[in-house]
Amino acid sequence: MTNTEPVTAADVQLMQGLAQRVTAIRPDLVNSDASFGGLAWNWGRGQAGDGAGRPRRLWFSHGDLVAWGWARLPYRVRLSDGSERDVTGAGLVYQVHPDHAGLVDEVIGWYDATASGLERTVVPSAADVFALERWSAHGYGTDPASLGDTGSWTQLNERDLTDVEPPSLPDGFRFVTADEAGPEAAVRAHLDVWAPSAYTAEAYQGVRRAAGYRGDLHLLVEAPDGTMASSAIMWLDEANRTAEFEPVGTHPGYRRLGLGRAVLLHGMRLARAAGAAHATVACLGAPGYPKARGLYHGVGFREIARDAPLVKAGSAG
């Protein structure tokens, strides 16, 4: 059984459930943005923007979700500095349970029909040999833009939580949660890191409504002047006892003070107290982005999976 329409909150929970089942047996096959936390974050923040332009299709077997595709079609986004940016081409996030691997051909067929005539990108897992063969058979090849030092592919990193050192903050800085700081501070913290950004107060409310969001696991570092200088959201996958960081960032004016390291360590200790045994975090994997990768490796994370970005030219089939 399949169906097609914009993603709902109930859909996200089904998709997260598939992410949990795949994570339990083959975490290296969880595609970019198809993780438990990545789904919640991307769906939540999109509710105030491009949600209507992102159709989905779900595949079920005996009542269980076994595959899904979520397409991004061209749209215009308004950024926090007042500018607007046109997002052209199409992108796809998808996941197929390894026991139903053959459904990847149906996912590809649906995507090609949904985004017909557009340039189409997709980021399957580099470990999914069968899927890579099928994408190639349908005319998808390595995205040239991903090959250079500034390619946008990501890698997934993991570490266990058996031994996490205590965090250390500079004098006058302190940890607070989003519940304690309030929505305005949480949104400002994000905008200060990623400006210009499409993130808004409405987007944050969408994130808060996403399955798995916990205000006590949305962490901030408050500077002596009251600025929220660093932030991280953790998504607790209780089924796999895993806490996922998404996103993590530090205000440009407060970098090189060890705040990113401190918020990661603090978060991991909180996650362990909440029942997690492992933590994951994704980062850009191309050579031109060593800082985040170095930060995560510096607190014990190691790569367990990576994307294989593919593209198919527009007006092709």
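Summarised in this report is the structure supplied together with it. Note that the structure is a prediction, hence the values are computed from the model and not measured. (Residues numbered from 1 in each chain as written. Predicted model: local features only at pLDDT ≥ 70, side-chain atom pairs only at ≥ 80, totals over all residues. Heavy atoms only, no water.)

1. Details of the nonpolar core
Consideration 1: Among the nonpolar cores identified, the biggest contains 31 residues, and Met15, Trp68, Tyr199 and Trp235 are the most heavily contacted of them.
Consideration 2: Top contributing element to this core by residue count: helix H2 (residues 36-46), with five residues. (Core = buried A, V, L, I, M, F, W, Y, C linked by side-chain atoms within 4.5 Å. Buried < 20%, exposed > 50% of the residue type's maximum accessible area, 1.4 Å probe, protein only. Helix = DSSP H or I, 4+ residues; strand = E, 2+ residues; numbered from the N terminus.)

2. Some remarks on the sheet that holds strand S10 (residues 174-177)
Consideration 1: The seven strands lie next to each other as S10-S11-S12-S13-S14-S9-S15, forming an open sheet whose pairing is mixed. One side of each edge strand has no neighbouring strand; the edge strands of this open sheet are S10 and strand S15 (302-306). Strand-to-strand twist of the sheet, defined as the mean angle between neighbouring strand axes without regard to direction, takes the value 30 degrees.
Consideration 2: As paired elements, strand S9 (residues 154-160) and S15 share four bridges and run antiparallel to each other. What sits directly across from Glu158, in S15, is Arg302.
Consideration 3: Of the strands in this sheet, strand S11 (218-222), strand S12 (228-237) and strand S13 (242-250) touch helix H6 (residues 183-194), which is tilted by about 65 degrees from S13. (Pairing = 2+ DSSP bridges. Axes fitted to C-alpha atoms, helices over the stretch in contact; angles between N-to-C directions. Contact = heavy atoms within 4.5 Å.)

3. Here we look at the environment of Gly288
Consideration 1: Here Gly288 shows up in the loop between strand S14 (278-284) and helix H9 (290-298).
Consideration 2: Relative accessible area serves as the criterion here: at 37%, Gly288 is assigned to the partly exposed category.
Consideration 3: Expressed as a C-alpha distance, the spacing of Gly288 and Ala115, which sit 173 residues apart in the sequence, is 31 Å.

4. Some details on the environment of Arg174
Consideration 1: Relative to the helices and strands, Arg174 is located in strand S10.
Consideration 2: Contact partners of Arg174, with chain neighbours within four places excluded, come to Leu169, Leu220, Val221 and Glu222.

5. Concerning the packing of aromatic side chains
Consideration 1: By the definition in use, this model includes ten aromatic pairs.
Consideration 2: Considering the side-chain rings of Phe173 and Tyr254, the 6.1 Å spacing of their centres and the 80 degrees angle between planes classify their relative orientation as edge-to-face. Highlighted residues: Phe173 in the loop between S9 and S10 and Tyr254 in the loop between S13 and helix H8 (259-273), separated in sequence by 81 residues.
Consideration 3: Judged by centre distance (6.5 Å) and plane angle (85 degrees), the rings of Phe245 and Phe301 are edge-to-face. Note that Phe245 is positioned in strand S13 and Phe301 in the loop between H9 and S15, a separation of 56 residues in sequence.
Consideration 4: On the basis of relative accessible area, Phe245 is assigned to the buried category, the value being 2%. (Phe/Tyr/Trp six-rings, centres within 6.5 Å; stacked < 30°, edge-to-face > 60°.)

6. Focus: the pattern of salt bridges
Consideration 1: The full count for this structure, using the stated rule, is 13 salt bridges.
Consideration 2: Where Asp105 meets Arg134, a salt bridge forms, and the shortest distance between an N and an O atom there is 3.0 Å. Taken together, the residues Asp105 in helix H3 (residues 104-114) and Arg134 in helix H4 (residues 129-137) connect sequence positions 29 residues apart.
Consideration 3: Here Asp105 falls in the partly exposed class, since its relative accessible area comes to 25%.
Consideration 4: Take Arg134: its relative accessible area is 26%, and that puts it in the partly exposed class.
Consideration 5: With its nearest N and O atoms 2.8 Å apart, the salt bridge here joins Arg214 to Asp216.
Consideration 6: Look at Asp216 and you get partly exposed, because its relative accessible area is 32%. (Salt bridge = Lys/Arg side-chain N within 4 Å of Asp/Glu carboxyl O.)

7. Quick look at the packing of helix H1 (residues 9-25) against H2
Consideration 1: Packing of H1 against H2 leaves a shortest axis separation of 8 Å and a crossing angle of 160 degrees. Relative to H2, the element H1 lies roughly antiparallel. Helix-helix and strand crossings are classified by hand; for H1 and H2 the assignment is right-handed. For the pair H1 and H2, contact is made by Ala9, Val12, Met15, Gln16, Ala19 and Gln20 and by Phe36, Leu39, Ala40 and Trp43, respectively.
Consideration 2: Here the contact of H1 with H2 is built from residues that sort into eight nonpolar, two polar and no charged. (Parallel < 35°, antiparallel > 145°, perpendicular 65-115°, else oblique. Left-handed = near helix turned anticlockwise from the far one by under 90°. Nonpolar A, V, L, I, M, F, W, Y, C, P; charged D, E, K, R; others polar.)

8. Remarks on the pairing of strand S6 (residues 90-96)
Consideration 1: The buried fraction of S6 amounts to seven of the seven residues, a majority that puts the element mostly inside the structure.
Consideration 2: Here S6 shows a buried face lined by Ala90, Leu92, Tyr94 and Val96 and a second buried face lined by Gly91, Val93 and Gln95.
Consideration 3: Sheet analysis places strand S3 (residues 64-72) next to S6, joined by six bridges and oriented antiparallel. Across the sheet, residue Trp68 finds its bridge partner in S6, namely Gln95.
Consideration 4: Where S6 meets strand S7 (residues 120-122), three bridges bridge the pair, whose relative direction is parallel. The residue bridging Leu92 from the neighbouring strand is Val122, located in S7.

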